[in-house]
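Summary of the model geometry
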Amino acid sequence: MKKIFLLVMSVAAMAVMAQEEVTEPRVTFAYDAGAEIVSAYLWRGQYNGGLSFQPDVEVGYDGQHTSLRVGAWASLGATDWKFQKGLEKEDDYNPNTYFLPELDIMANFTFFGANVGLTHYQYFVPEAKDNYQTEITVGYNFDDLLGVPLHISWNTIVAGDDFNYDEKRAYSSYLEIGYDHTFESVGMTLSGAIGISPWTSDFYCNEGFQVVNLSLRLEKEWEFDACSLCLFGQGSLNPSLEANKVYAHAAGDEKLCAQPLNGAIGLGIWF
């Protein structure tokens, strides 16, 4: 009887241990903090400035298939310290044609690969009335459940400075499809993306449906006990700029829309 009892207890103990292994871990507090120095600020096919310092911090809760994060990201270029010296109120005055300090406040919720996010872009433009945009994002990351490093997202500006040159609200939108491939043997990741602006937008300098971003990024990361370092190079091509040159001039965003092909290198540290 004693041997049978011990056998039953052993089987029960193994069952409990097996159950603990398959049970989803509890949600835990998580954070990321770090910064990058980039030779150029490239974003969604646009050249938004030269040499820049870009700190980033996020806090929240993570589970195996769910997460809730809030954070802040900023960019300050080497020329931004002057806070747009020489900016004058003239007939052709347009704050968007000048590079400036930026602060983004973000919130994002993910659930089994699906994600919903909100981003508030704040620009420090002297004497400007509408110096911000608010954007909503919905997307899906196929890597979470299917193990395929493919992701897709839709982003739409719903408030702030987002009007076409006819002064009608644009609801500027950006659809991106991206794919990440890791070369395990060398510890490097290659990321590619295609971005589309589905309708006319001064913000993306396009008239009608256009591909506005073809980008590649190659990154090498080193892990240490206290932090991680990454070195990366990236390039972007906006094939719509040449076709939309006349429209971009009318919209007034000549500096943002002047360079269809851009590249940058950067160094980041994360804790």
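Residues numbered from 1 in each chain as written. Predicted model: local features only at pLDDT ≥ 70, side-chain atom pairs only at ≥ 80, totals over all residues. Heavy atoms only, no water.

1. Topic: the packing of aromatic side chains
Counted according to the given criterion, the structure contains nine aromatic pairs. With 5.9 Å between their ring centres and 75° between their planes, Phe29 and Tyr61 make a pair best called edge-to-face. Remark: Tyr61 occurs in strand E4 (residues 52-62) and Phe29 occurs in strand E1 (residues 28-38); sequence separation between them is 32 residues. Relative accessible area serves as the criterion here: at 46%, Tyr61 is assigned to the partly exposed category. (Phe/Tyr/Trp six-rings, centres within 6.5 Å; stacked < 30°, edge-to-face > 60°. Helix = DSSP H or I, 4+ residues; strand = E, 2+ residues; numbered from the N terminus. Buried < 20%, exposed > 50% of the residue type's maximum accessible area, 1.4 Å probe, protein only.)

2. A few points about the pattern of salt bridges
Under the definition given, this model contains six salt bridges. Salt-bridge contacts for Arg217 lead to Glu36; the nearest nitrogen and oxygen are separated by 3.6 Å. With a gap of 181 residues between them, Arg217 in strand E12 (residues 210-223) and Glu36 in strand E1 connect regions that are remote in the sequence. Among the residues examined, Glu36 registers a relative accessible area of 13% and is labelled buried. The partner of Glu58 in a salt bridge is Arg69, and the shortest N-O contact between them spans 3.2 Å. (Salt bridge = Lys/Arg side-chain N within 4 Å of Asp/Glu carboxyl O.)

3. Digging into a nonpolar patch on the surface
Residues Leu68, Phe109, Phe111, Phe112, Leu145, Leu146, Val148 and Tyr179 make up a contiguous nonpolar surface patch of about 750 Å² in total accessible area. Elements with a contribution of two residues or more to the nonpolar patch: strand E6 (102-111) and helix H2 (143-146). Within the secondary structure, Val148 is located in the loop between H2 and strand E9 (150-160). On the accessibility criterion, Val148 (34% relative accessible area) is partly exposed. (Patch = residues over 30% accessible without salt bridge, like charges linked within 9 Å, V, L, I, M, F, W, Y side chains within 5 Å. Areas by Shrake-Rupley, 256 points an atom, 1.4 Å probe, with all protein chains shown as cover.)

4. Notes on the confidence of the model for the protein
Mean pLDDT for the protein: 83, with 75% of residues reaching 70 or above. Low confidence marks residues 82-87, where pLDDT is under 50. Its contacts with residues over four positions away, or in another chain, come to eleven contacts. (pLDDT = per-residue confidence, 0-100. Contact = heavy atoms within 4.5 Å.)

5. Quick word on the side chain of Thr119
Relative to the elements of secondary structure, Thr119 occurs in strand E7 (residues 114-123). Once residues within four sequence positions are removed from consideration, Thr119 is found in contact with Asp104, Ile105, Met106, Gln133, Thr134 and Glu135.

6. A closer look at the pairing of strand E10 (residues 173-183)
The pairing of E9 with E10 spans seven bridges and is classified as antiparallel. Residue pairing for E10: Trp154 is matched across the bridge by Leu175. Two strands pair when backbone bridges link them, and E10 and strand E11 (residues 188-197) are joined in this way by nine bridges, in the antiparallel orientation. Looking at the pairing, Leu175 lines up with Ile196 of E11. Where E10 folds back on E11, the antiparallel hairpin that results is connected by four residues, among which Gly187 adopts a positive phi of roughly 65°. (Pairing = 2+ DSSP bridges.)

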